[in-house]
Amino acid sequence: MNDDDETVTAYHEAGHAVIAWALGAKITALGLSQASEFDDDEQGLPRSFGQCHISWGCVSSESPDQKMRELMTSLAGPVAEQIYTGDKLDLAACAMDFATAGNRLQGLPQDRVTRVRNAALTQLRRALNQETYWAAVSALADEILVGDELESEHVESIIAFWLDR
């Protein structure tokens, strides 16, 4: 991936991290993963991708509140990417995030799934467009681009500088 792709990926991962942290999670690791130039590229997988490892602690993944936190967190990356690029939401590029979001909405009627997902996207756009949230995303993206995996304490100190939980 080129520098522009890495920057977009950094903003994407920072979006996940900022929203997850704001919703009470601990970010255990954050960064860009580099695939080797010798990796088999036949599957069309990206050669560089991001990683955001999140710990929610001791909560039931089936509780409605936790499902909503995970839904919001999974969609935060694509929304941050969209805000950064100014482009339309790229559903194909963010297919894994949308699949994760869909899994958290399983069991709801399809018309309700669409309404809840669209409401979450709207709420995320509002949140991430706030000056303090976007500053946290930008600062975190800058740190991700340095290249080293960020550890929990470093991620938390960056986000906490801009946001109060």
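Use the structure listed above.
Residues numbered from 1 in each chain as written. Predicted model: local features only at pLDDT ≥ 70, side-chain atom pairs only at ≥ 80, totals over all residues. Heavy atoms only, no water.

**Remarks on the environment of Ser 152**
Next, step 1: Mapped onto the elements, Ser 152 comes out in helix H6 (residues 152-162).
Next, step 2: According to the relative accessible area criterion, Ser 152 is buried, its value standing at 8%.
Next, step 3: Sequence-wise, Ser 152 and Ile 27 are 125 residues apart; in three dimensions their C-alpha atoms are separated by 5.4 Å.
Next, step 4: Not counting chain neighbours up to four residues away, the residues in contact with Ser 152 comprise Lys 26, Ile 27 and Thr 28.
Next, step 5: Here Ile 27 takes part through its backbone oxygen, which lies 3.0 Å from a polar atom of the side chain of Ser 152. (Helix = DSSP H or I, 4+ residues; strand = E, 2+ residues; numbered from the N terminus. Buried < 20%, exposed > 50% of the residue type's maximum accessible area, 1.4 Å probe, protein only. Contact = heavy atoms within 4.5 Å. Polar contact = N/O pair within 3.5 Å; in protein donor to acceptor, adjacent residues only side chain to side chain.)

**Focus: the side chain of Glu 70**
Next, step 1: Relative to the helices and strands, Glu 70 is located in helix H2 (residues 64-85).
Next, step 2: Each residue touching Glu 70, except ones within four places of it in the same chain, is listed here: Trp 56, Ser 61 and Arg 104.

**Section: the packing of aromatic side chains**
We describe a pair of aromatic rings using the distance from one ring centre to the other and the angle between the two ring planes.
Next, step 1: Evaluation of the coordinates by the stated rule reveals three aromatic pairs.
Next, step 2: Here Tyr 11 and Trp 134 contribute two aromatic rings whose centre-to-centre distance is 5.5 Å and whose plane-to-plane angle is 25°, an arrangement assigned as stacked. Highlighted residues: Tyr 11 in helix H1 (residues 3-22) and Trp 134 in helix H5 (residues 131-145), separated in sequence by 123 residues.
Next, step 3: Three or more aromatic residues joined by ring pairs make a cluster, and in this case those are Tyr 11, Tyr 84 and Trp 134. (Phe/Tyr/Trp six-rings, centres within 6.5 Å; stacked < 30°, edge-to-face > 60°.)

**Description of the packing of H2 against helix H4 (residues 110-128)**
Next, step 1: Between H2 and H4, the least distance of the axes is 9 Å, while the angle of their chain directions is 60°. The angle between H2 and H4 falls in the class oblique. Where H2 crosses over H4, the two elements pack in a sense that is right-handed. Counted together, Met 68, Leu 71, Met 72, Leu 75, Ala 76, Val 79, Ala 80, Gln 82 and Ile 83 of H2 and Val 116, Arg 117, Ala 120, Leu 121, Gln 123, Leu 124, Arg 125 and Leu 128 of H4 form the full contact between these two elements.
Next, step 2: When its residues are assigned to classes, the contact of H2 with H4 shows 13 nonpolar, two polar and two charged. (Axes fitted to C-alpha atoms, helices over the stretch in contact; angles between N-to-C directions. Parallel < 35°, antiparallel > 145°, perpendicular 65-115°, else oblique. Left-handed = near helix turned anticlockwise from the far one by under 90°. Nonpolar A, V, L, I, M, F, W, Y, C, P; charged D, E, K, R; others polar.)

Note that every value here comes from positions in space, so none of it alone points to a role or purpose.
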